[in-house]
Amino acid sequence: MEKLKPYSALILALGGFILFVMGFYFVFIRPPLLPEDLRYMQTTSMAMNNSATGLAVWLQKVFWVMGSYILTTGLLTIFIALTSFRKRIQGAFPIVAITGMSSIGFMTIVNFIINSDFKWILLVFTLPWLIALMLYRLHK
């Protein structure tokens, strides 16, 4: 039997790498409030600073935690892609499908709900998961 090329695993690893980078962004780069956050809340940064003096400091810590989880999810996705998913271990497909939906998939949906400036890029970031799952089903 000819060995199948693991395109699905490589594309899923790309999806994991995207999550890793996104987590890095949330931990080290993202400011506590983006202009879109203020727009969604219909307020200004001055009003937020005056009414909730500790909010920015607290949010930064929240994003450290959230970013760490996103980064970790990316690392684990890369590992799963290059091991269980690549070897087609029983249960790998549903786990990858569920984790894709509950991580980058749900983040994308919420960003569309709030009309985020980043909704389209997040949709693009979701594509490797979808493509990997389709290729997996096609045995590629």
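Here is a short report on the structure shown in this document. Every value quoted in this text rests on a predicted model; they were computed, and no experiment measured them. (Residues numbered from 1 in each chain as written. Predicted model: local features only at pLDDT ≥ 70, side-chain atom pairs only at ≥ 80, totals over all residues. Heavy atoms only, no water.)

**A short note on the overall build of the protein chain**
Logical step 1: Across its full length, the protein chain carries six helices and zero strands.
Logical step 2: Counting helices and strands in the order they occur from the N terminus, the protein chain gives α-α-α-α-α-α.
Logical step 3: Overall, the C-alpha framework of the protein chain stretches about 70 × 25 × 20 Å when taken along its three principal axes.
Logical step 4: Here the protein chain holds 140 residues, and the buried ones make up 37% of them.
Logical step 5: A separation of at least 24 residues holds for 77% of the contacts in the protein chain among residues at least 6 apart in sequence.
Logical step 6: In the structure as shown, the protein chain presents an accessible area of about 9100 Å², 73% of it carried by carbon and sulfur atoms.
Logical step 7: Between the averaged position of the 11 positive side-chain charges in the protein chain and that of its 4 negative side-chain charges there is a distance of 13 Å. (Helix = DSSP H or I, 4+ residues; strand = E, 2+ residues; numbered from the N terminus. Buried < 20%, exposed > 50% of the residue type's maximum accessible area, 1.4 Å probe, protein only. Contact = heavy atoms within 4.5 Å. Areas by Shrake-Rupley, 256 points an atom, 1.4 Å probe, with all protein chains shown as cover. Lys, Arg positive; Asp, Glu negative; His and termini not counted. Charge placed at Lys NZ, Arg CZ, Asp CG, Glu CD.)

**Some points on helix H4 (residues 55-85)**
Logical step 1: In the structure, H4 departs most strongly from a straight axis at phenylalanine 79, where the bend amounts to approximately 25°.
Logical step 2: Buried within H4 are the following residues: Leu55, Leu59, Gln60, Phe63, Gly67, Ile70, Leu71, Gly74, Thr77, Ala81 and Phe85. (Bend = angle between axes of the 7 residues up to and from the residue.)

**Focus on the packing of helix H1 (residues 7-28) against helix H6 (residues 119-137)**
Logical step 1: Here H1 crosses H6 at 155°, and the two axes come no closer than 8 Å. Of the possible angle classes, the one that applies to H1 and H6 is roughly antiparallel. With respect to the hand of their crossing, H1 and H6 are arranged in left-handed fashion. Two secondary-structure elements touch here, H1 through Tyr7, Ser8, Ile11, Leu12, Leu14, Gly15, Ile18, Leu19 and Met22 and H6 through Leu122, Phe125, Pro128, Trp129, Ile131, Ala132, Leu135 and Tyr136. (Axes fitted to C-alpha atoms, helices over the stretch in contact; angles between N-to-C directions. Parallel < 35°, antiparallel > 145°, perpendicular 65-115°, else oblique. Left-handed = near helix turned anticlockwise from the far one by under 90°.)

**A look at the pattern of salt bridges**
Logical step 1: Applying the stated criterion across every chain yields a total of two salt bridges.
Logical step 2: Arginine 30 is the salt-bridge partner of aspartate 37, the closest N and O atoms lying 3.0 Å from each other.
Logical step 3: Of the residues examined, aspartate 37 reaches a relative accessible area of 16% and is grouped as buried.
Logical step 4: In this structure arginine 30 comes out as buried when scored by relative accessible area, which is 7%.
Logical step 5: The partner of arginine 39 in a salt bridge is aspartate 117, and the shortest N-O contact between them spans 2.7 Å. With arginine 39 in helix H2 (residues 35-41) and aspartate 117 in the loop between helix H5 (92-113) and H6, this pair connects stretches of sequence that are 78 residues apart.
Logical step 6: Note on arginine 39: relative accessible area 48%, which makes it partly exposed. (Salt bridge = Lys/Arg side-chain N within 4 Å of Asp/Glu carboxyl O.)

**Some remarks on H6**
Logical step 1: For H6, spanning 19 residues, the distance from its first C-alpha to its last is 27 Å, which sits close to the expected 27 Å at 1.5 Å a residue.
Logical step 2: At threonine 126, H6 shows its maximal bend, which comes to roughly 25°, and the proline proline 128 appears one to four places after that position.
Logical step 3: Residues of H6 that are buried sit in contact with H1, H4 and H5.
Logical step 4: Positive backbone phi, at 60°, marks histidine 139, one or two positions downstream of H6. (Expected span 1.5 Å × (residues − 1).)

**Comments concerning a nonpolar patch on the surface**
Logical step 1: A grouping of Val124, Leu127, Leu130, Ile131 and Met134 is seen on the molecular surface, where their side chains present a nonpolar patch of about 430 Å² in accessible area.
Logical step 2: Tracing the backbone through its elements, the reader meets isoleucine 131 in helix H6.
Logical step 3: When its relative accessible area of 35% is taken as the criterion, isoleucine 131 is described as partly exposed. (Patch = residues over 30% accessible without salt bridge, like charges linked within 9 Å, V, L, I, M, F, W, Y side chains within 5 Å.)

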